[in-house]
Amino acid sequence: MRDILKMMVVLTLIGAASGMALSLIHSATKAPIEYQTIKFVKEPAVKKVLTDYDNNPIADRKKIVVGEDERGKPIEVIIFPAKKTGEIFAVALEGKGKGFAGLIGVMVGVSKDGKLLDIGITSHSETPGVGSKVAESSYTERFKGLKAEAGVKVDAISGATYSSKGVVSAVNQAIGYVNKFGKEIF
Amino acid sequence: MSIKDEFTKGLWKTIAPFRLVLGLCPTLAVTTTGLNGFGMGMATTFVLVFSNLFVSLLRKFIPAQVRIASFIVIIASFVVIVELVMQAWFYQLFKILGIFIPLIVVNCIILGRAEAFASKNNPIMSLADGLGIGLGFTISLFVLGSIRELLGSGTLLDIPVMWSSFEPFAFMLKPPGAFVALGILLALMNLISQRQARKGGAR
């Protein structure tokens with residue numbers, strides 16, 4: 001009996017101590033990690049989908065709240081605006097859609113007059129060589145110039161239907177945000 | 001054994017991937033360049049040193065029945081710390097090493113040293129042991145990575161060093177190339193040890 005009690009106490013203490021240490025480290029590294037993902041993941045995609053701007057979309061980024069998750073926490077989306085002579089003429093923002101293996105993140109460029117500029121895949125874990133084709137420009141170019149309205153449709157890549165659908169639903173999510181929160185964004 | 005012996009044994013006598021043939025998963029998987037191998041080795045060393053230290057400090061406090069569970073919690077905590085720190089300050093390396101960072105948890109070298117050494121020795125000895133084994137692991141990965149990088153892409157530490165008509169063997173960067181390079185290194189090490197043993201016998 002005493003042995004069992006001792007085991008429980010020791011394991012609980014070790015678990016609690018490591019949990020505490022990890023939560024401290026987590027909060028200390030949160031800001032730098034966010035900065036790194038913006039710099040190495042989002043920045044290349046933003047630069048791909050926006051063109052002809054004279055500001056710095058990364059530095060001018062802002063967050064908007066688009067809803068709440070199931071625990072009541074606000075869901076934030078980062079908006080990267082492209083400006084010319086001080087006026088926003090297009091924005092880039094990320095949408096997410098369920099692909100064949102997990103979520104696909106897609107950076108979507110939308111102009112003020114409601115056109116899709118370009119898209120860039122920021123993150124995916126699709127099958128290499130099959131589903132990963134959605135990240136290639138031969139596919140992403142199919143979105144260029146489409147109207148930014150709900151329910152965008154693009155021909156899927158044969159053999160990668162789920163991945164293509166994931167990208168399309170991510171694009172539609174981003175378009176949905178733009179149409180719903182257009183006043184805050186532009 | 002003195003502290004110095006505990007430290008140096010990990011560098012040659014029991015150098016983990018070559019002598020004990022342990023921890024091969026990261027050894028073979030991430031050593032496509034010397035720097036990748038070095039980064040992986042340093043991450044493992046960090047976890048090994050601190051898990052050894054904490055296991056040794058807590059060795060009288062942890063009941064024998066739950067020791068493995070406790071070791072794993074300690075090791076896993078340091079692995080998460082490494083993961084977060086790398087993600088925050090060495091993002092590119094973090095992306096290359098990817099899944100192999102969380103997999104340090106199941107690296108048998110680390111649990112092996114906690115169980116076989118740190119749980120029976122004082123903290124200073126355990127630190128020396130962890131540092132020695134960790135550095136030995138880092139050197140192994142760095143050497144293996146450099147060989148594969150040199151033959152596979154013709155560079156060393158990302159600097160081109162081969163003559164201009166050199167045609168890189170892409171094979172060396174693929175998994176079979178890792179086995180071939182490891183095999184050649186093992187053979188070389190055995191050759192050197194045999195020579196040393198013969199010299200010792202003749203004396």
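Just so it is clear, the model here is predicted, and its values are computed rather than measured.

About the criteria used
- Residues numbered from 1 in each chain as written.
- Chains lettered and ligands numbered in written order.
- Predicted model: local features only at pLDDT ≥ 70, side-chain atom pairs only at ≥ 80, totals over all residues.
- Heavy atoms only, no water.
- Helix = DSSP H or I, 4+ residues; strand = E, 2+ residues; numbered from the N terminus.
- Rg over C-alpha atoms; globule rule 2.2 N^0.38 Å.
- Buried < 20%, exposed > 50% of the residue type's maximum accessible area, 1.4 Å probe, protein only.
- Contact = heavy atoms within 4.5 Å.
- Areas by Shrake-Rupley, 256 points an atom, 1.4 Å probe, with all protein chains shown as cover.
- Lys, Arg positive; Asp, Glu negative; His and termini not counted.
- Charge placed at Lys NZ, Arg CZ, Asp CG, Glu CD.
- Pairing = 2+ DSSP bridges.
- Axes fitted to C-alpha atoms, helices over the stretch in contact; angles between N-to-C directions.
- Parallel < 35°, antiparallel > 145°, perpendicular 65-115°, else oblique.
- Left-handed = near helix turned anticlockwise from the far one by under 90°.
- Salt bridge = Lys/Arg side-chain N within 4 Å of Asp/Glu carboxyl O.
- 1 Å grid on protein atoms, 1.4 Å probe; cavity = no way out; pocket = protein on both sides within 12 Å on 5 of 7 lines; lining within 4 Å.
- Points joined across faces, edges and corners; volume = space filled by probe spheres on them.
- Nonpolar A, V, L, I, M, F, W, Y, C, P; charged D, E, K, R; others polar.

**What to know about the overall build of chain A**
Next up, step 1: Helices and strands together make up the secondary structure of chain A, namely 4 helices and 5 strands.
Next up, step 2: Put simply, chain A runs from its N terminus to its C terminus through helices and strands in the order α-β-β-β-β-β-α-α-α.
Next up, step 3: The globule rule puts the C-alpha radius of gyration for 186 residues at 16 Å, and the 21 Å found for chain A is more than 25% above it.
Next up, step 4: For chain A, the spread of C-alpha atoms along the principal axes amounts to about 70 × 45 × 30 Å.
Next up, step 5: Per-residue burial for chain A yields a buried fraction of 41% across its 186 residues.
Next up, step 6: Considering only intrachain contacts with a sequence separation of at least 6, the fraction spanning at least 24 residues in chain A is 51%.
Next up, step 7: Accessible surface, chain A as shown: approximately 10500 Å² in total, 57% of it carbon and sulfur.
Next up, step 8: Side-chain charges in chain A split into 26 positive and 20 negative, and the spacing between the mean points of these groups amounts to 3 Å.

**Brief notes about the sheet that holds strand β1 (residues 62-68) of chain A**
Residues and elements named next belong to chain A.
Next up, step 1: Taking strand neighbours across the sheet as the criterion, the 5 strands line up as β1-β2-β3-β4-β5 in an open arrangement whose pairing is antiparallel. Looking at strand neighbours, the two that pair on one side only are β1 and β5 (116-123), the edges of this open sheet. Here the average twist between neighbouring strands, direction ignored, is 30 degrees.
Next up, step 2: Across 6 bridges, the pairing between β1 and strand β2 (residues 74-84) is antiparallel. Note that in β2 the partner of I64 across the bridge is V77.
Next up, step 3: Contacts from helix α1 (residues 2-49) reach β1, β2, β3 (87-98), β4 (103-111) and β5 within the one sheet, and its direction differs from that of β5 by about 150 degrees.

**A closer look at the packing of helix α4 (residues 34-57) of chain B against helix α5 (residues 67-89) of chain B**
All names here are of chain B.
Next up, step 1: Closest axis-to-axis distance for the α4/α5 pair is 9 Å, and the angle between their directions is 140 degrees. Taken together, α4 and α5 sit at an angle that is classed as oblique. In terms of crossing hand, the pair formed by α4 and α5 is right-handed. For the pair α4 and α5, the contacting residues are G39, A43, F46, V47, F50, S51, F54 and V55 in the first and F71, I74, I75, F78, V79, I81, V82 and M86 in the second.

**Brief notes about the pairing of β2 of chain A**
Residues and elements named next belong to chain A.
Next up, step 1: Linkage of β1 to β2, two consecutive antiparallel strands, is achieved through a turn of 5 residues, within which G72 is found at a positive phi near 85 degrees.
Next up, step 2: In the sheet, β2 pairs with β3 via 6 bridges, with the strands oriented antiparallel. Across the sheet, the residue bridging to A82 is A90, located in β3.
Next up, step 3: If you look at the hairpin formed by β2 and β3, you'll find 2 residues sitting between the two strands, and T85 has a positive phi there, around 40 degrees.

**What about the pattern of salt bridges?**
Residue and element names in this part refer to chain A.
Next up, step 1: One pass over the structure, following the stated rule, counts 7 salt bridges over all chains.
Next up, step 2: Among the ionic pairs, K63 bridges to E34, the shortest N-O distance being 3.5 Å. A residue pair is termed long-range when its members are at least 10 positions apart, and K63 in strand β1 and E34 in helix α1 qualify at 29 residues.
Next up, step 3: When salt bridges with common partners are traced through the structure, they connect E34, K63 and E76 into a single cluster.

**A short note on the layout of surface pockets**
To find the voids left in a structure, one rolls a probe of water-molecule size over its atoms.
Next up, step 1: Taken as a whole, the largest pocket holds about 950 Å³ of empty space.
Next up, step 2: Elements supplying a minimum of two residues to the lining of the largest pocket: α1, β2, β3, β5 and α3 (161-180) of chain A together with α5 and α6 (91-97) of chain B.
Next up, step 3: Sort the elements by how many residues they give to the lining of the largest pocket and α1 of chain A lands first, with 9 residues.
Next up, step 4: Among the residues making up the lining of the largest pocket, the classes are represented as 12 nonpolar, 9 polar and 8 charged.

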